[in-house]
Amino acid sequence: MDAYRSPLPGAILFDLDNTLCTFVDAKQAACNAVVELTGAGSGEDLFSYFLRPKYNFEDHAHITDYLNDIHVYSEELAEKAGKVYDEVKLDTIALYPGVEETLDALMEAGVKIAVVTDAFSSHAEERMHKLGIDSYFPVLVTPDRSGQRKPNHASFVLAMKQLDATPSETWVVGDSLRREVIPGLELGLTTVFARYGDWIQIEMPEVKPHHILDQFSDLLNLPGLSHMKLRQG
């Protein structure tokens, strides 16, 4: 073994949406489907409602507000719109290239992994099952399990506890400087910014992640993982 090789991480905490899988485009497709159902409004305008801090990012109440504001609301339509939204969003999400192969390599190397997401458990479990990655992750931490949303430290601390991992050996990989990189730095984790998934792109030059990814599969090019090989075929 190379005596100068960087140590293998003991554990890696992955964000889910826009880190392991596409999500914003799936959400936009879902909003477009709702607009097609109602025959009024625009998908872009509906999407903007989900960005409000009024409700949770996935709350159907955003759809209800929108239908009321464009004067087409009915209880029946709102119920149908919510179902269409959920169905299209789930059907549209997809893993980024290289995710399964990378997770296979991490598992074979004995790196413990977890998903730490701000999606509620039911949504996260549904998405992970649809994507076929639920079996990779023995630990899933969500706000309804930790009691807090990111960037609060609670979810990260709970994940490390369940993995029996220390901060010094743990990496965190996520698409948000605010929700993953900053708390990771505060906790003493190795931070990996998944820049490819950062659709908001808020400039935070004062935040310095340890590593930056422009595609998920570059994870195995980082020090500590670069000796690992993706399984071919």
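Before any of the text, the structure's been laid out above.
This structure is a prediction, so every number in the text was calculated from the model and none was measured.

1. Quick word on the pattern of salt bridges
Argument step 1. All told, the structure shown has 12 salt bridges when counted by the stated rule.
Argument step 2. The partner of Asp-65 in a salt bridge is Lys-54, and the shortest N-O contact between them spans 3.1 Å. Pair noted here: Asp-65 is in helix α3 (residues 61–69) and Lys-54 is in the loop between α2 (43–50) and α3, with a separation of 11 residues, a long-range link.
Argument step 3. Judged by its relative accessible area of 15%, Asp-65 falls in the buried class.
Argument step 4. Counted as one network, the salt bridges with shared partners bring together Lys-27, Glu-58, Asp-86 and Lys-89.

2. Re the nonpolar core
Argument step 1. Phe-14, Leu-106, Phe-137 and Leu-219 are the most contacted members of the largest nonpolar core, which has 35 residues in total.
Argument step 2. Considering every element that reaches this core, the biggest residue donor is helix α5 (residues 99–109), with four residues.
Argument step 3. In this structure, Ala-30, Phe-47, Leu-67 and Tyr-85 belong to the second largest nonpolar core, which totals 15 residues.

3. A look at the sheet that holds strand β4 (residues 170–174)
Strand pairing in a sheet is mediated by backbone hydrogen bonds. Such pairs are either parallel or antiparallel.
Argument step 1. Taking strand neighbours across the sheet as the criterion, the six strands line up as β3-β2-β1-β4-β5-β6 in an open arrangement whose pairing is parallel. In this open sheet, the two edge strands, each paired with only one partner strand, are β3 (139–141) and β6 (211–213). Each neighbouring strand pair of the sheet contributes to a mean axis angle of 20°, computed without reference to strand direction.
Argument step 2. Judged from the three bridges that link them, strand β5 (residues 190–194) and β6 form a sheet pairing that is parallel. Note that in β6 the partner of Val-192 across the bridge is His-211.

4. Structural notes on the pairing of strand β1 (residues 11–14)
Looking down a regular strand, the side chains alternate between one sheet face and the other.
Argument step 1. Side chains of β1 alternate between two faces, with Ala-11 and Leu-13 and Ile-12 and Phe-14 buried alike.
Argument step 2. Sheet topology places β1 next to strand β2 (residues 112–116); four bridges connect them, and they run parallel. The residue of β2 that forms the bridge with Leu-13 is Ala-114.

5. Quick look at the packing of helix α4 (residues 75–92) against helix α6 (residues 121–131)
Argument step 1. Contact geometry for α4 and α6: axes closest at 9 Å, N-to-C directions at 40°. The angle between α4 and α6 places the two elements in the oblique class. Note that α4 runs across α6; the crossing there is right-handed. Mapping the contact onto sequence places Lys-89, Leu-90 and Asp-91 in α4 and Glu-126, Arg-127 and Lys-130 in α6.
Argument step 2. Here the residues of the contact of α4 with α6 are counted per class, giving one nonpolar, no polar and five charged.

Quick notes on the rules
Residues numbered from 1 in each chain as written. Predicted model: local features only at pLDDT ≥ 70, side-chain atom pairs only at ≥ 80, totals over all residues. Heavy atoms only, no water. Salt bridge = Lys/Arg side-chain N within 4 Å of Asp/Glu carboxyl O. Helix = DSSP H or I, 4+ residues; strand = E, 2+ residues; numbered from the N terminus. Buried < 20%, exposed > 50% of the residue type's maximum accessible area, 1.4 Å probe, protein only. Core = buried A, V, L, I, M, F, W, Y, C linked by side-chain atoms within 4.5 Å. Pairing = 2+ DSSP bridges. Axes fitted to C-alpha atoms, helices over the stretch in contact; angles between N-to-C directions. Parallel < 35°, antiparallel > 145°, perpendicular 65-115°, else oblique. Left-handed = near helix turned anticlockwise from the far one by under 90°. Contact = heavy atoms within 4.5 Å. Nonpolar A, V, L, I, M, F, W, Y, C, P; charged D, E, K, R; others polar.

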